[in-house]
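What follows is the residue order along each chain.
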Amino acid sequence: MKEIQDLINCLNVPKNIVITSHRNPDGDAIGSCLALKTVLDAHLHVVNVVVPSDFPDDLSWLHGSGEIYVYDREQDKSLELIKSAEVIFCLDYNSLERVDKIGEAIRVSDATKVMIDHHLYPDGFADILISEPEISSTCELLYEVFKGAGWLSAITIHGLEALLVGMITDTGSFKYSISPNTFKNAGEIISQGGDIAHVQDMLYNHMPEKSLRLLGHCLSNRMNIYPDRKAGLIYLSKKDYMDFNIQRGDTEGIVNYLLRLDIVNIAGFISEQPSIVKVSLRSKGDFSVEKMAKEYFRGGGHKNASGGALYSSLKTVISTFEEATEKYKTEIINSY
């Protein structure tokens, strides 16, 4: 693969490197950043990780997470690191719009820009582009890059765990967007020392009490089912965020509970933020929520997992979801 050879040539001597990922980084974003850092550290590069905003507390157990620079908290230092970088890695995002204010700093930088990502329709800003939308996660793609570059021996146990975090979280514990190769790669990571039982335990068995109470509230009081179009919706208001003291990451995965219903082929999760209403969409089968996210919510993502946001009222966004599912009702019903 030419791009991997270009990457090897780019990193043939130690360099000053910054690894970045998207705003509101999730398990795949943080996992890929920290896994790559372990490999680059082993090759004696000077490496820093910069993300636009904070990440969920349930990822703070990952080795190296405490060394990540968060632009929202450390703006000057984050921009200084990007400005002085010789190489900038762009992981798990396909457009500089996904990194907000640090996007312009990356755009004007003279550094070699390397995108490693699995989202559709990558922008053309990267000098080295490794984009594979059919791969389950950026962490799985990164592992393929490590194999292609001959860097497997440089991955530490912590790096292997970070890769598993991204693969597990982006596939819903290996339920979505998987292929036979996904399991093959996961098996190789485990055979090299990645403790999947430990990773699963840290991800799913250490939640605070409020998270379970919040889930109960969502399922009992904030769930709408539209059986005529096989759609479901969970929504949260600003008041819900205050009542449950919801922090970043607390709502992760709630939308997937709707897909457990036989009468739901498409699921939406709508959350009212201080100045914007965010939308997460998931689907079963052949229906593409990516096109719905683009058309109705100024967003995008993957075929079966996408999102967007609108500067509107919660009531209006709920109505927009209802309008969208009504328009595509026939496709949704026949998709699975």
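Residues numbered from 1 in each chain as written. Predicted model: local features only at pLDDT ≥ 70, side-chain atom pairs only at ≥ 80, totals over all residues. Heavy atoms only, no water.

(A) View of the environment of Phe 287. Here Phe 287 shows up in the loop between strand S10 (277–283) and helix H11 (289–297). As a C-alpha pair, Phe 287 and Ile 266 span 21 residues in sequence and 8.1 Å in three-dimensional space. Beyond its immediate sequence surroundings of up to four residues, Phe 287 is in contact with Ile 266, Met 292, Lys 303, Asn 304, Tyr 328, Glu 331, Ile 332 and Ser 335. (Helix = DSSP H or I, 4+ residues; strand = E, 2+ residues; numbered from the N terminus. Contact = heavy atoms within 4.5 Å.)

(B) Quick peek at the packing of aromatic side chains. Using the criterion set out here, one finds 4 aromatic pairs in the structure. Ring centres of Tyr 226 and Phe 321 lie 6.3 Å apart, and the angle between their planes is 50°; on these two criteria the pair is classed as tilted. Residue Tyr 226 is found in strand S7 (residues 223–226), and its partner Phe 321 is found in helix H12 (residues 314–327); the two are separated by 95 residues along the sequence. With a relative accessible area of 0%, Phe 321 lands in the buried category. A centroid spacing of 6.4 Å and a plane angle of 45° characterise the contact between Tyr 296 and Phe 297, whose relative ring orientation is tilted. Taking the relative accessible area as the measure of exposure, Phe 297 reaches 0% and is therefore buried. (Phe/Tyr/Trp six-rings, centres within 6.5 Å; stacked < 30°, edge-to-face > 60°. Buried < 20%, exposed > 50% of the residue type's maximum accessible area, 1.4 Å probe, protein only.)

(C) Up close: the environment of Trp 151. Counting through the fold element by element, Trp 151 comes out in the loop between helix H5 (138–149) and helix H6 (157–170). Given the relative accessible area of 10%, Trp 151 is considered buried. For the pair Trp 151 and Ala 42, spaced 109 residues apart in sequence, the C-alpha to C-alpha distance is 9.5 Å. Among all residues touching Trp 151, those that are not within four sequence positions of it are Leu 7, Ile 8, Leu 11, Val 39, His 43 and Phe 146.

(D) Structural view of the packing of helix H2 (residues 27–42) against H5. The contact between H2 and H5 brings their axes to 8 Å, and the two run at 20°. In terms of their interaxial angle, H2 and H5 are classed as roughly parallel. Taken as a pair, H2 and H5 cross one another with a handedness that is right-handed. Across from Asp 28, Gly 31, Ser 32, Ala 35, Leu 36 and Val 39 in H2, the residues of H5 making contact are Thr 138, Cys 139, Leu 142 and Phe 146. (Axes fitted to C-alpha atoms, helices over the stretch in contact; angles between N-to-C directions. Parallel < 35°, antiparallel > 145°, perpendicular 65-115°, else oblique. Left-handed = near helix turned anticlockwise from the far one by under 90°.)

(E) Region of interest: the sheet that holds strand S9 (residues 266–272). Strand order across the open sheet formed by 6 strands is S7-S8-S9-S10-S12-S11, with mixed pairing between neighbours. The two strands at the open ends of the sheet, each matched to only one other strand, are S7 and strand S11 (300–301). Pairing analysis gives 6 bridges linking strand S8 (residues 231–236) to S9, with the strands arranged parallel. Among the inter-strand pairings, Leu 236 is bridged to a residue of S9, identified as Ser 271. Together, S9, S10, S11 and strand S12 (305–310) form the strand contacts of H11, whose direction differs from that of S12 by roughly 5°. (Pairing = 2+ DSSP bridges.)

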